[in-house]
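What follows is the residue order along each chain.
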Amino acid sequence: MAVEVDFQAAIYTRLTAQLVGAGKPTTGVHDVKPQSDPAGGFPYVTIGQTMFTMDDAQGSFNFQALARIHTWSRSGGTLETKQIQGAIYDALHNHTLAMPRLNGAGAVDWLCYSLLREASRIEPDPDQSFHGVCEYRALIQAA
Amino acid sequence: MANKSGRTMLVKKGATTLASVRSKSVTWNGTPVDVTTDDDAGATTYLADEFASTSLEMSVEGLTDDDVLHDIAFGVGNSAKHLADITLVTSSGDTISGTFILTNYAETGAYEDAITFTATLIRSGIHTVTAP
């Protein structure tokens, strides 16, 4: 399976487990920003562009992945976005991310051996929401 | 002759290619015999067809998921660092083999990156070249 698919599935699984549900800070984790407000409303998280860079060595296939995780809030201030970004940090930073093959019955094609946050920022959006962007860099090798 | 990619150049221990190597280099050096005399009008002159000594040195850099050189370098004994089964396969398919001594091994672990290593192997005695 494509490393892009398994990586996003792993990020989605981890973030959904940590951020969505009773007592947790978001209404959902999405692939792209919904065209209309999502069923649960704000705040929510989207997994945005992820850039994969080839990082091969002799006989081993490796990638560096830079993933942008977006936070969308309409709370009227930046506090909620910052709190969610903190929750994302707790979920992902220095986390050993399991990358099972999507729908692969437990098969594993890729290993993520480093996952660190590189940057975080918040921008006001034209639709009155606050848009947080966090970038995480992962080091991935073929299993 | 066409250009060749670096990954076609291989360093092997025994029959096994060292894994996760990113960069390889091989350097030959010769030290000629200086036979300059007053008769050479100030121009350095060397003995024809001879060298005082020659050397062949290989350097490899890569990732550490293959622990072959790591284990040799950090092993207590010295004899294991004299390797009779190292070969360099050039991009043309020539095989350079001989006894090589591991004289330098270093690992670097940057916090946000994979651990990398560098190693230097120098030839002891003469090497052989086998065409493909």
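The paragraphs below set out a description of the structure included in this document. (Residues numbered from 1 in each chain as written. Chains lettered and ligands numbered in written order. Predicted model: local features only at pLDDT ≥ 70, side-chain atom pairs only at ≥ 80, totals over all residues. Heavy atoms only, no water.)

## Some words on the packing of aromatic side chains
Link 1 in the chain: In the structure shown here, the tally under the stated rule is 7 aromatic pairs over all chains.
Link 2 in the chain: Ring centres 5.0 Å apart and planes at 45 degrees place the aromatic pair Phe 42 of chain A and Tyr 44 of chain A in the tilted group.
Link 3 in the chain: By relative accessible area, Tyr 44 of chain A is classed as buried at 1%.
Link 4 in the chain: An angle of 90 degrees between the planes, with centres 5.4 Å apart, marks the rings of Phe 74 of chain B and Tyr 105 of chain B as edge-to-face. (Phe/Tyr/Trp six-rings, centres within 6.5 Å; stacked < 30°, edge-to-face > 60°. Buried < 20%, exposed > 50% of the residue type's maximum accessible area, 1.4 Å probe, protein only.)

## Digging into the interface of chain B and chain A
Link 1 in the chain: In this assembly, 16 residues from chain B lie in contact with 13 residues from chain A.
Link 2 in the chain: Regarding the contact of chain B and chain A, the summed buried area is about 970 Å², with carbon and sulfur atoms giving 43% of it.
Link 3 in the chain: In terms of surface lost to chain A, no three residues of chain B exceed Arg 22, Tyr 111 and Glu 112 of chain B, which account for 41% of the buried area on that side.
Link 4 in the chain: Here Arg 22 of chain B and Asp 55 of chain A are joined by a salt bridge, their closest N and O atoms 2.9 Å apart.
Link 5 in the chain: Where chain B touches chain A, the interface holds 9 residue pairs in polar contact (both at pLDDT 80 or more).
Link 6 in the chain: The element that contributes the greatest number of residues to the side of chain B that touches chain A is strand E3 (residues 21-31) of chain B, accounting for 3 residues. (Contact = heavy atoms within 4.5 Å. Buried area = accessible area lost by both parts, 1.4 Å probe. Salt bridge = Lys/Arg side-chain N within 4 Å of Asp/Glu carboxyl O. Polar contact = N/O pair within 3.5 Å; in protein donor to acceptor, adjacent residues only side chain to side chain. Helix = DSSP H or I, 4+ residues; strand = E, 2+ residues; numbered from the N terminus.)

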